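Observations on chain architecture
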Amino acid sequence: MKITNTLVPWDKNWLLPDITSGLIVTIMLVPQAIAYAFLAGLPPQAGLFSALLPLIAYAILGTSPTLAVGPVAIISLLTLSSLSGVVSPGAADYPAYAALLALLTGAWLLVFYAIGLGSWTSFISHSVVSGFTSAAAIVIILSQLKYFTGLDIPKGGPGWQPLTYLSAHWQNIQVVPVILGISGIFLLLLWQKVAPRITHRLPLADGIRTLINRLGALVLILSGAAAVWFLSLETDTVGTVPQGWPDMVIPDIMALNWEALLVPSAALSLIIFLESLSIANTMARDQRRRILPNNELLALSAANIAAGVSQAMPVAGGFGRSMVMVNSGARSQWSGVVTFILMASVSLMATDWFEYLPKAALGALIVVATWPLFRWHDGIKAWRFQRSDGIVWLATFATVLVINAETGILAGAALSLVIYLRRTSQPHIAEIGQLQGSEQFRNVLRHKVRTVPGVLLIRVDENLYFANSDYLIDYVLRRITDDRTIHQVIIVGTAINHVDFCGLEALELLNERLREESVQLHLAEFKGPVMDQLENSSLIDDLYPGRVFFTTADAIRYLQRQEEESEEHYTI
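A brief report on the enclosed structure follows. (Residues numbered from 1 in each chain as written. Predicted model: local features only at pLDDT ≥ 70, side-chain atom pairs only at ≥ 80, totals over all residues. Heavy atoms only, no water.)

Now for the overall build of the protein. A tally of regular secondary structure across the protein gives 24 helices and nine strands. Evaluated residue by residue, the protein yields a buried proportion of 52% over its 572 residues. In the protein, once contacts between residues fewer than 6 apart in sequence are set aside, the share between residues at least 24 apart is 81%. Element-wise, carbon and sulfur atoms account for 61% of the exposed surface of the protein, whose accessible area totals about 27100 Å². For the protein, the centre of its 36 positive side-chain charges and the centre of its 43 negative side-chain charges are spaced 12 Å apart. (Helix = DSSP H or I, 4+ residues; strand = E, 2+ residues; numbered from the N terminus. Buried < 20%, exposed > 50% of the residue type's maximum accessible area, 1.4 Å probe, protein only. Contact = heavy atoms within 4.5 Å. Areas by Shrake-Rupley, 256 points an atom, 1.4 Å probe, with all protein chains shown as cover. Lys, Arg positive; Asp, Glu negative; His and termini not counted. Charge placed at Lys NZ, Arg CZ, Asp CG, Glu CD.)

What follows covers the side chain of Ser310. For Ser310, the location among the structural elements is in the loop between α13 (293-309) and β2 (316-318). For Ser310, a relative accessible area of 1% corresponds to the buried category. Side-chain polar atoms of Ser310 contact the backbone oxygen of Ala306, separated by 2.7 Å. The contact partners of Ser310, leaving out residues within four places of it in the chain, are Phe49, Leu53, Pro246, Asp247 and Met248. (Polar contact = N/O pair within 3.5 Å; in protein donor to acceptor, adjacent residues only side chain to side chain.)

A few words now on the environment of Thr351. In this fold, Thr351 is placed in the loop between α15 (334-349) and α16 (359-370). In this structure Thr351 touches Leu48, Val241, Pro242, Gln243 and Val346, once residues within four positions along its chain are discounted.

Another point: helix α8 (residues 161-168). The complete set of buried residues in α8 reads Gln161, Pro162 and Leu166. All buried residues of α8 project into a common sector of 130 degrees when viewed along the axis, lining one side. Buried-residue contacts for α8 involve α6 (126-143) and α7 (145-149). (Arc of directions from axis to C-beta.)

Let us look at the packing of aromatic side chains. Scanning the entire structure with this criterion turns up nine aromatic pairs. Considering the side-chain rings of Trp371 and Phe374, the 5.4 Å spacing of their centres and the 50 degrees angle between planes classify their relative orientation as tilted. Assessed through its relative accessible area of 18%, Phe374 is described here as buried. Summarising the aromatic geometry, the rings of Phe374 and Phe397 are spaced 6.2 Å apart at their centres and angled 35 degrees between planes, so their arrangement reads as tilted. (Phe/Tyr/Trp six-rings, centres within 6.5 Å; stacked < 30°, edge-to-face > 60°.)

On the surface, a cluster of negative charge is contributed by Glu512, Glu516, Asp541 and Asp542. As for its placement among the helices and strands, Glu512 is situated in helix α21 (residues 501-516). The exposure class assigned to Glu512 is partly exposed, which follows from its relative accessible area of 48%. (Patch = residues over 30% accessible without salt bridge, like charges linked within 9 Å, V, L, I, M, F, W, Y side chains within 5 Å. Salt bridge = Lys/Arg side-chain N within 4 Å of Asp/Glu carboxyl O.)

Turning to the pairing of strand β7 (residues 488-492), a few remarks are in order. Buried residues dominate β7, accounting for five of its five residues. For strand β6 (residues 455-460) and β7, the ladder comprises five bridges, and the chain directions are parallel. From the neighbouring strand, Ile458 faces β7, where its bridge partner is Ile491. Handedness of the β6-helix α20 (residues 469-482)-β7 crossover: right-handed. (Pairing = 2+ DSSP bridges. Right-handed = clockwise from strand over helix to strand, strands pointing away.)

Two elements in contact, α20 and α21, have axes whose closest approach is 9 Å; the angle formed by their N-to-C orientations is 20 degrees. The angle between α20 and α21 falls in the class roughly parallel. Along this stretch, α20 crosses α21, giving a crossing that reads as right-handed. Here Ser469, Leu472, Ile473, Val476, Leu477 and Ile480 of α20 lie close against α21, whose contacting residues are Cys502, Gly503, Ala506, Leu507, Leu509, Leu510, Arg513 and Leu514. Tallied by class, the residues present in the contact of α20 with α21 amount to eleven nonpolar, two polar and one charged. (Axes fitted to C-alpha atoms, helices over the stretch in contact; angles between N-to-C directions. Parallel < 35°, antiparallel > 145°, perpendicular 65-115°, else oblique. Left-handed = near helix turned anticlockwise from the far one by under 90°. Nonpolar A, V, L, I, M, F, W, Y, C, P; charged D, E, K, R; others polar.)

Quick look at a nonpolar patch on the surface now. Together, Phe186, Leu190, Val194, Ile198 and Leu202 make up an exposed nonpolar region whose accessible area comes to about 440 Å². Mapped onto the fold, Leu190 is located in helix α9 (residues 175-201).

Ranked by internal contacts, the top residues of the largest apolar core, which has 113 residues, are Leu42, Ile75, Leu78, Leu83, Phe132, Val238 and Phe354. With near-sequence residues (within four places) excluded, Phe354 lies in contact with Val30, Ile34, Leu48, Val238, Gly239, Val241 and Val346. Core analysis: the second largest hydrophobic core is formed by 30 residues, Ile429, Val460, Ile480 and Val489 among them. (Core = buried A, V, L, I, M, F, W, Y, C linked by side-chain atoms within 4.5 Å.)

Shape is all these values report; function is a separate question.
Right, here's the structure in full:
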């Protein structure tokens, strides 16, 4: 196996940009890691541990120089959703189950790497991913009501559960967390809008300008902790976070209900791969880099296995932090190594700083970071362009909200497959004719073309396989029943790239049925690989006196000449 990464070769001119980028990402990652740990129902140190060894694992094996791997909001939500059906959040063995989930997720990604799944990057449609992401964003935001209101809203359950709990217990809402949460959101939004305008006018280096623009999260947690400390506010805080390095142990698989996590971990691994690859490819287009999908599977597998053995939770590429890496000038994954060193320092020495950090401030951070993931316009565009894609988006979105994330993904993927099979089982079949003065053939319903009496010329715009072979037979037989003047049928195969055994049997049966009706079948413009398949059967011989033509124009000329010769023979 050849290891491909962005650590080597390395240019000394990248030193300052990579160090600056690593520092900026760390400033963002520290509060995010803690916030996403709470989102997953885990203690804060699990979030910090997720930002340690997984970064090194990806840096060694990943092919994107700026993909920031670590805890991510969507994956944290999926972690909570996956575990809630197996173990209660807050249970003593809940962190062990989270580590096991990361380990199983890494194992699935390794299996996908072994079978080359990296080349199958479009098996889940964009409508499914967008619908899932949009609904997950709403679920994540609603989950923060627990910290904004001070209510003891249970974790897990349907996405809308916090709203029902809030409506039943609104009298117990606490004022302090509400003020802290709203103030935090306002501060972050104001910083995002005002800071870039100010720094743009100042003569600053790009790295310094980016650092200032991204200081909003740090300002939020410092001001929130200061407010709690100096004003002695009564609100839920992070509390003491144990200092130290994570214990390097493999989860006790046999003591845990690992079978119950097999399907959720498989679904989680697919989302991790698709989301991470999408982010990496988005950045690669501007960087003129080539992302190797299968290598990304291996790198993400190693990152999640590292998370599993270091008492962390599943990890993926994060869009926000990745874009910060790009904007701060990162040139390689040495930036990720710098982030690892700084995060390790925080875990070993600085966890006391979080004792007075209000959870409402972390909730504000999550809300602002997650809201852009709600891509409602994707659903509208999909609906307007092709209603079936809009239905898939809406079904995925609704299922995630009403039931849970895993069911939403599976439902969306299953519905996409059903729609695809239905679409391909009734392929578009065009009756075509010849454009005047050319050898081009087009749909008779769309163009003014010349047709030949007695000849049915059809183009099948789909591969011929088990799901649609009967449809072709029914279509042709119906046409010759409706028009008894047809005595020649030409199937044009320009759009047929593959014929399976059922497709071959359909052509053989169609030939027999047409012969019974005194109609001759011909083939035209079938591609070389398809003809290689057909020539391994008896179909070509059975067509006689039907023929296989290189072009459709050749077929028309041959049939016209045959008709003329027949008329001359009749005259004589």
